[in-house]
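Below, each chain spelled out in residue letters.
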Amino acid sequence: GESVGLHLPTLSVQEGDNSIINCAYSNSASDYFIWYKQESGKGPQFIIDIRSNMDKRQGQRVTVLLNKTVKHLSLQIAATQPGDSAVYFCAENYLGGSYIPTFGRGTSLIVHP
Amino acid sequence: NAGVTQTPKFQVLKTGQSMTLQCAQDMNHNSMYWYRQDPGMGLRLIYYSASEGTTDKGEVPNGYNVSRLNKREFSLRLESAAPSQTSVYFCASSAGEATNSPLHFGNGTRLTVT
C-alpha cells in the first residue's frame, strides 16, 4: 500500500502466485479510480479503472476492488508473471475541487521466476 | 499510432538556463497534463489544460510555465532551471475532465540540472 518516505513499498511474489496491491485514496468526493503500470524507463500505462458506483471490476487477469467506506482500492493480479514486474500506481480523479487525476506513491512488484 | 510524443528524451542544463519541453498527442484529446516524477514519489501535477485555450496550476507549478499551443500540443517551459527541478517529466492527455477517462502518457523527458 501507500507509505510516507522515499522508498516505495515493495511486494515480492513467485511466478504463478496471485498478487494484491493496496492503495488508500484521499478524498471521499473522488468518483473515478484508475490503476497504472509503469515499467522502467517508460511512462505509466492504463491497466483498469472503476467508477464509484461499482465495488468490483474485472479485466484480463486483473481485478480492482473499491471500498468507499474506508477509502481503499486494491488491484489483484492472477497468476503473476515476470512481465508483471513494474511499479503500480493508483490514481483518484480529484484534486482541490476539480476532477483532476492525482496519484499515489506507487508499489513496486517484483516477480521471481 | 504515436499516442503522446515528448521531446527531448534527455536533457542536461546548467543552473539558470532555460528550456522548453515539447509534447504532442494525436488522439484528438481535449485535456493535457504535465507531471513530474521524483525517486520514490508518485507523479505530481505541475500544470494542466482542460481544453484548448485554458491552462491551470497543479500541485507544484512554481518555476514552470505552460502553453497550450493548439489542441495537439502542450509545452512546459523552465525559465531559469534549478537543481530542484532535476526530475523525469511526463506529459499526458485524456479525453476530458468531464468524461472520467484514463490518462495516456508519453515516455518522459529525463532532465538533470547541475
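Quick note: structure is the one above.
Residues numbered from 1 in each chain as written. Chains lettered and ligands numbered in written order. Predicted model: local features only at pLDDT ≥ 70, side-chain atom pairs only at ≥ 80, totals over all residues. Heavy atoms only, no water.

A. How the structure looks around the packing of aromatic side chains. The tally for this structure, following the rule as stated, stands at eleven aromatic pairs over all chains. Note on A:Phe89 and A:Phe103: the rings are 6.4 Å apart at their centroids and 80° apart in plane angle, and the pair reads as edge-to-face. With A:Phe89 in strand β8 (residues 86-92) and A:Phe103 in strand β9 (residues 102-103), this residue pair connects regions lying 14 residues apart in the sequence. Of the two residues, A:Phe89 and A:Phe103, neither departs from the other in class, the shared state being buried. Taken together, a centroid distance of 5.3 Å and an interplanar angle of 85° make the contact between A:Phe103 and B:Tyr35 edge-to-face. Pair noted here: A:Phe103 is in strand β9 and B:Tyr35 is in strand β4 (residues 31-37), and the two residues belong to different chains. Each of the two residues, A:Phe103 as well as B:Tyr35, counts as buried. Through a chain of ring-to-ring contacts, three or more aromatic side chains come together here, namely A:Tyr36, A:Phe89, A:Phe103, B:Tyr33, B:Tyr35, B:Tyr48, B:Phe90 and B:Phe105. (Phe/Tyr/Trp six-rings, centres within 6.5 Å; stacked < 30°, edge-to-face > 60°. Helix = DSSP H or I, 4+ residues; strand = E, 2+ residues; numbered from the N terminus. Buried < 20%, exposed > 50% of the residue type's maximum accessible area, 1.4 Å probe, protein only.)

B. Structural context of the pairing of strand β7 (residues 64-68) of chain B. Residues and elements named next belong to chain B. Burial along β7 is one-sided: Tyr64, Val66 and Arg68 are buried, while Asn65 and Ser67, pointing the other way, are not. Judged from the five bridges that link them, β7 and strand β8 (residues 74-78) form a sheet pairing that is antiparallel. Bridging across to β8, Arg68 finds its partner in Phe74. Hairpin geometry of β7 and β8 is characterised by an intervening segment of five residues between the two adjacent antiparallel strands. (Pairing = 2+ DSSP bridges.)

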